[in-house]
Amino acid sequence: MSKEEVLSYFYTNSTNYGVKRTLVILTCGLLVGLIIYLTYFITSEKVVYNRKFNWSLVALLLITVIVMLMISSNIAMSLGMVGALSIIRFRTAVKDSRDTVFIFWAIAEGLCTSSQNYRLAFTSVLFIAIVLIIASKIPGIWNRYLLIITGRGGAD
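On a predicted model such as this, the values are computed, not experimentally measured, just so you know. (Residues numbered from 1 in each chain as written. Predicted model: local features only at pLDDT ≥ 70, side-chain atom pairs only at ≥ 80, totals over all residues. Heavy atoms only, no water.)

A complete count under the given rule lists four aromatic pairs for this structure. Taking 4.5 Å as the distance between ring centres and 40° as the angle between the ring planes, the aromatic pair formed by Tyr37 and Trp55 counts as tilted. In this pair, Tyr37 is assigned in helix α2 (residues 19–43) and Trp55 in helix α3 (residues 51–71), connecting sequence segments 18 residues apart. One aromatic cluster is present, formed by Tyr40, Phe53, Phe102 and Trp105 through successive ring pairs. (Phe/Tyr/Trp six-rings, centres within 6.5 Å; stacked < 30°, edge-to-face > 60°. Helix = DSSP H or I, 4+ residues; strand = E, 2+ residues; numbered from the N terminus.)

Printed below as a string of structure tokens:
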């Protein structure tokens, strides 16, 4: 193979997914995302539960699926996406380490779903969900603290 043929292969080798196949992949991703959503809802403390963050986990999973479908077989595009995504910096501090677990879980499930490895995606999401739900019900694993300070209006 000549240098021109290798470069041509990198630029033209791409998989075109039809609308039906893309919708099946995204629907499976949505189902996996809803299991993550329910797990976060069940295991979160109701005082600090954030519905927007929970829905962003589902969106993160679907966005991961879309990005992986886009770069799945086009090497030139995948290198460009790695460069573009490497400059993204999250400025919001994650307040609970459990939220970081859910973020990485959503990304990993998005990768499983986009590679169309549905058996692994559904098995792993159910296993991890069960482990997290059981761990959240055992007292002492994630300590729950609530501090309430009340004061009087006048300074003496």
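Counting 17 residues, the largest nonpolar core has Ile36, Leu57, Leu61, Phe102 and Trp105 as the members making the most contacts within it. Those elements giving two or more residues to this core turn out to be α2, α3, α5 (97–114) and α6 (118–137). When residues in this core are grouped by element, the largest group, five residues, is from α3. (Core = buried A, V, L, I, M, F, W, Y, C linked by side-chain atoms within 4.5 Å. Buried < 20%, exposed > 50% of the residue type's maximum accessible area, 1.4 Å probe, protein only.)

This part takes up α3. The periodicity of an α-helix, 3.6 residues per turn, causes residues three or four positions apart to be oriented the same way. For α3, with 21 residues, the first-to-last C-alpha span of 31 Å sits near the 30 Å given by 1.5 Å per residue. Among the residues making up α3, those that are buried are Phe53, Asn54, Leu57, Val58, Leu61, Thr64, Val65, Val67, Leu69 and Ile71. Here α3 starts with a cap whose side-chain oxygen sits 3.1 Å from the backbone nitrogen of Lys52, and that cap is Asn50. (Expected span 1.5 Å × (residues − 1). Polar contact = N/O pair within 3.5 Å; in protein donor to acceptor, adjacent residues only side chain to side chain.)

What follows concerns the confidence of the model for the protein. Model confidence for the protein is summarised by a mean pLDDT of 79, while 70% of its residues fall at 70 or above. Ranking the elements of the protein by mean pLDDT puts helix α1 (residues 3–12) last, at 62, and α2 first, at 93. (pLDDT = per-residue confidence, 0-100.)

Taking 1.5 Å of rise per residue, 18 residues should cover 26 Å, and α5 covers 26 Å from first to last C-alpha, within 8% of that figure. Of the residues making up α5, those classed as buried are Arg98, Asp99, Phe102, Trp105, Ala106, Glu109, Gly110, Cys112, Thr113 and Ser114. In this structure, the buried side of α5 is in contact with α2, α3 and α6. Positive phi shows up at Gln116, right after α5, with a value of about 60°. (Contact = heavy atoms within 4.5 Å.)

Attention now moves to the side chain of Thr43. For Thr43, the position within the fold is in helix α2. Polar side-chain contacts of Thr43 include one of 2.9 Å to the side chain of Arg98.

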